[in-house]
Amino acid sequence: MLRFIVAGLLLAYTPPIAMTQTLLKPSSVSCDPLTGLCTPEALEPQAAAPTFDTETEIIYVGDPMCSWCWGILPDLNRLARAAKINKLNYRVVVGGLRPTDAQEWTPKFRQFLAHHWEEVESRSGQPFSQTLLGADHFQYNTEPSCRAVVTARALDSTTVARFFELVQHGFYVQNRDPKEVEFYRPICEDVGLDFDTFSARFASEEMKQETQTDFALNRQWGVTGFPTVLLRTGNRLHVVAQGYASFEEMWERVAGVLE
């Protein structure tokens, strides 16, 4: 039986949640305030060939511009630390919540965001600025922010969780635009990436394709919303969280599978 080190926390067994392999495609993006799950735009299926370097790993599937992914961040940080202590790999796969220019910046959409961000802030305690919502125009396309995370992962995989967090903070708290490459200059400085190297890779077709591969891969796994946390054991996927969850809930499920 595996022993887990989580600051003295005693975890009881919880049966694992089975991972569905049937992809349900929502017609449009929506966010459920009860489950804390944001469903993404449907995409055309693509072939995705995952490669696994370890026997067991925790996989976080999220989008930097998904508000519930920002809400769950403190608990995810604790999960990542627990994974490291227990020598479990922690992988980040980007989701692709709104990876096109399909969403129009209408008063109705801005009103939806204002109400939704207030819900997430109230439940999670994570801060939001709503200055952006007063802008006359903003293109809510999450592909560039996802591609930035993929680029950071390609340059130095040890930076990816921190990079993801700083992108979220830059968008939700500072209301800066992740589609602009200069958005990432202070983030690269913080995590120790060369900005010029990052900029060149960020604009490359290679990174665009790798980002699309992440989108296709999580949908191939049956992920239908973000945040989703999975535990992979060999070729089997177990759902740890679908939507907002506490660290204790997530780690209890991890322990329940691996004991």
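Preceding this paragraph is the structure being described.
Overview of the structure. (Residues numbered from 1 in each chain as written. Predicted model: local features only at pLDDT ≥ 70, side-chain atom pairs only at ≥ 80, totals over all residues. Heavy atoms only, no water.)

Structural notes on the overall build of the protein
Move 1: The helix and strand inventory of the protein stands at 9 helices and 7 strands.
Move 2: Buried positions account for 53% of the 259 residues belonging to the protein.
Move 3: Looking at the protein as shown, the accessible area adds up to about 12,000 Å², and 51% of this sits on carbon and sulfur atoms. (Helix = DSSP H or I, 4+ residues; strand = E, 2+ residues; numbered from the N terminus. Buried < 20%, exposed > 50% of the residue type's maximum accessible area, 1.4 Å probe, protein only. Areas by Shrake-Rupley, 256 points an atom, 1.4 Å probe, with all protein chains shown as cover.)

Remarks on the pairing of strand E4 (residues 56-62)
Move 1: Among the 7 residues that make up E4, 6 are buried, leaving the element largely enclosed by the rest of the structure.
Move 2: Sheet analysis places E4 next to strand E6 (residues 228-233), joined by 6 bridges and oriented antiparallel. What sits directly across from Val61, in E6, is Thr228.
Move 3: Direction of pairing for E4 relative to strand E5 (residues 89-94): parallel, over a ladder of 6 bridges. Looking across to E5, one finds that Ile59 is bridged to Arg91. (Pairing = 2+ DSSP bridges.)

Considerations on the pattern of salt bridges
Move 1: One pass over the structure, following the stated rule, counts 12 salt bridges.
Move 2: Note that Glu206 is salt-bridged to Arg201, the shortest N-O span being 3.6 Å.
Move 3: A relative accessible area of 47% means that Glu206 is categorised as partly exposed.
Move 4: A salt bridge links Lys208 to Glu205, with the nearest nitrogen and oxygen atoms 3.6 Å apart. A residue pair is termed a helical-turn pair when its members lie 3 or 4 positions apart in one helix, as Lys208 and Glu205 do in helix H8 (residues 205-220) at 3 residues.
Move 5: Using a relative accessible area of 58% as the deciding quantity, one classes Glu205 as exposed.
Move 6: The network of salt bridges with common partners includes Glu57, Arg91 and Arg232. (Salt bridge = Lys/Arg side-chain N within 4 Å of Asp/Glu carboxyl O.)

Side note on the packing of helix H4 (residues 143-155) against helix H7 (residues 195-202)
Move 1: Two elements in contact, H4 and H7, have axes whose closest approach is 9 Å; the angle formed by their N-to-C orientations is 120 degrees. The orientation of H4 relative to H7 falls into the category oblique. Crossing of H4 over H7 shows right-handed handedness. Residues Pro144, Arg147, Ala148, Thr151, Ala152, Ala154 and Leu155 of H4 pack against Thr197, Phe198, Arg201 and Phe202 of H7.
Move 2: Here the residues of the contact of H4 with H7 sort into 7 nonpolar, 2 polar and 2 charged. (Axes fitted to C-alpha atoms, helices over the stretch in contact; angles between N-to-C directions. Parallel < 35°, antiparallel > 145°, perpendicular 65-115°, else oblique. Left-handed = near helix turned anticlockwise from the far one by under 90°. Contact = heavy atoms within 4.5 Å. Nonpolar A, V, L, I, M, F, W, Y, C, P; charged D, E, K, R; others polar.)

Regarding H8
Move 1: The terminal C-alpha atoms of H8, which comprises 16 residues, lie 22 Å apart, in line with the 22 Å expected from a rise of 1.5 Å per residue.
Move 2: Considered for burial, the residues of H8 that qualify are Met207, Thr211, Asp214, Phe215, Ala216, Leu217, Asn218 and Arg219.
Move 3: Lining the buried residues of H8 we find E4, E5, H4 and H7.
Move 4: Once H8 finishes, Gly222 follows within two positions and takes phi at roughly 100 degrees, a positive value. (Expected span 1.5 Å × (residues − 1).)

Quick word on unusual backbone geometry
Move 1: Geometrically, the link from Phe226 to Pro227 is a cis peptide bond, its omega value of 0 degrees lying close to zero.
Move 2: By the element assignment, Pro227 lies in the loop between H8 and E6.
Move 3: Positive phi outside glycine occurs at Lys87, with the angle close to 60 degrees.
Move 4: Here Lys87 lies in the loop between helix H2 (73-85) and E5.
Move 5: In this structure Lys87 comes out as exposed when scored by relative accessible area, which is 76%.
Move 6: One non-glycine residue, Asn175, adopts positive backbone phi at about 55 degrees.
Move 7: Given the relative accessible area of 15%, Asn175 is considered buried.

Looking at helix H9 (residues 247-258)
Move 1: Taking 1.5 Å as the rise per residue, H9 with 12 residues should run 16 Å; its terminal C-alpha atoms sit 16 Å apart, in good agreement.
Move 2: Of the positions making up H9, those classed as buried are Phe247, Met250, Trp251, Val254, Ala255, Gly256 and Leu258.
Move 3: Contacts from the buried residues of H9 go to E4, H2, E6 and strand E7 (236-242).

Some details on the nonpolar core
Move 1: Formed by 73 residues in total, the largest nonpolar core has its most connected members in Ile58, Tyr140, Phe163 and Tyr184.
Move 2: The biggest single contributor to this core is helix H5 (residues 160-172), with 7 residues.
Move 3: Once residues lying within four places of it in the same chain are set aside, the contact partners of Ile58 are Leu79, Ala83, Leu88, Asn89, Tyr90, Arg91, Val229, Leu230, Leu231, Trp251 and Val254. (Core = buried A, V, L, I, M, F, W, Y, C linked by side-chain atoms within 4.5 Å.)

Details of the environment of Arg162
Move 1: Looking at the element boundaries, Arg162 is found in helix H5.
Move 2: Through-space distance from the C-alpha of Arg162 to that of Asn77 is 9.1 Å; in sequence the pair is 85 residues apart.
Move 3: If sequence neighbours within four positions are ignored, Arg162 has contacts with Asp190 and Val191.

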